[in-house]
Amino acid sequence: MNSPNDSQNITICSAKGCRADAVWVVAWNNPKLHTPDRRKTWLACDEHREQLSQFLAMRGFLKDVVTLAEWERLRSASDS
C-alpha cells in the first residue's frame, strides 16, 4: 500500500482496487510488531476512510485519522 512517506508522493487511496485521490491518512500500528511510537499509514479517499478505519479499529490497530494536508503539515513541522 502506498504511504504519504513514499518518495514518489503518490496519493492514491489504499483500498483494494480504488484509484481515487487520497484525502485522508489512516495511521495505525500493530503492537505485536511495532514500537508504540511507530506509525504505519494507509491513504484513503472520502468513500473508503470509514471502511479502512473500521478494519483497523476492530483489530485494535487504529491510532489516528487526519486529513492528508494536516499530516503533511505536521510532518514538515517535525522535520524543522
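Preceding this paragraph is the structure being described.
Conventions used here
Residues numbered from 1 in each chain as written. Predicted model: local features only at pLDDT ≥ 70, side-chain atom pairs only at ≥ 80, totals over all residues. Heavy atoms only, no water. Helix = DSSP H or I, 4+ residues; strand = E, 2+ residues; numbered from the N terminus. Buried < 20%, exposed > 50% of the residue type's maximum accessible area, 1.4 Å probe, protein only. Contact = heavy atoms within 4.5 Å. Areas by Shrake-Rupley, 256 points an atom, 1.4 Å probe, with all protein chains shown as cover. Phe/Tyr/Trp six-rings, centres within 6.5 Å; stacked < 30°, edge-to-face > 60°.

**Q** How should I be thinking about the overall build of the chain in this particular structure?
**A** When helices and strands are counted, the chain shows two helices and three strands. Per-residue burial over the chain gives 36% buried out of 80 residues. Considering only contacts in the chain between residues 6 or more positions apart, those separated by 24 or more positions represent 53%. Just so you have it, the chain exposes about 5,400 Å², and 49% of that area is on carbon and sulfur atoms.

**Q** When you look at the packing of aromatic side chains in this model, what are you seeing that I'm missing?
**A** Pairs of aromatic rings are described using the distance from one ring centre to the other and the angle between the two planes. If you walk through the whole model with that rule in mind, you get three aromatic pairs. Ring plane angle 20° and centroid distance 6.2 Å describe the contact between tryptophan 28 and phenylalanine 61, whose orientation is recorded as stacked. Taken as a pair, tryptophan 28 in strand β1 (residues 24-28) and phenylalanine 61 in the loop between α1 (49-58) and β3 (62-67) lie far apart in primary sequence, 33 residues in all. Taking relative accessible area as the criterion, tryptophan 28 reaches 12% and is therefore assigned buried.

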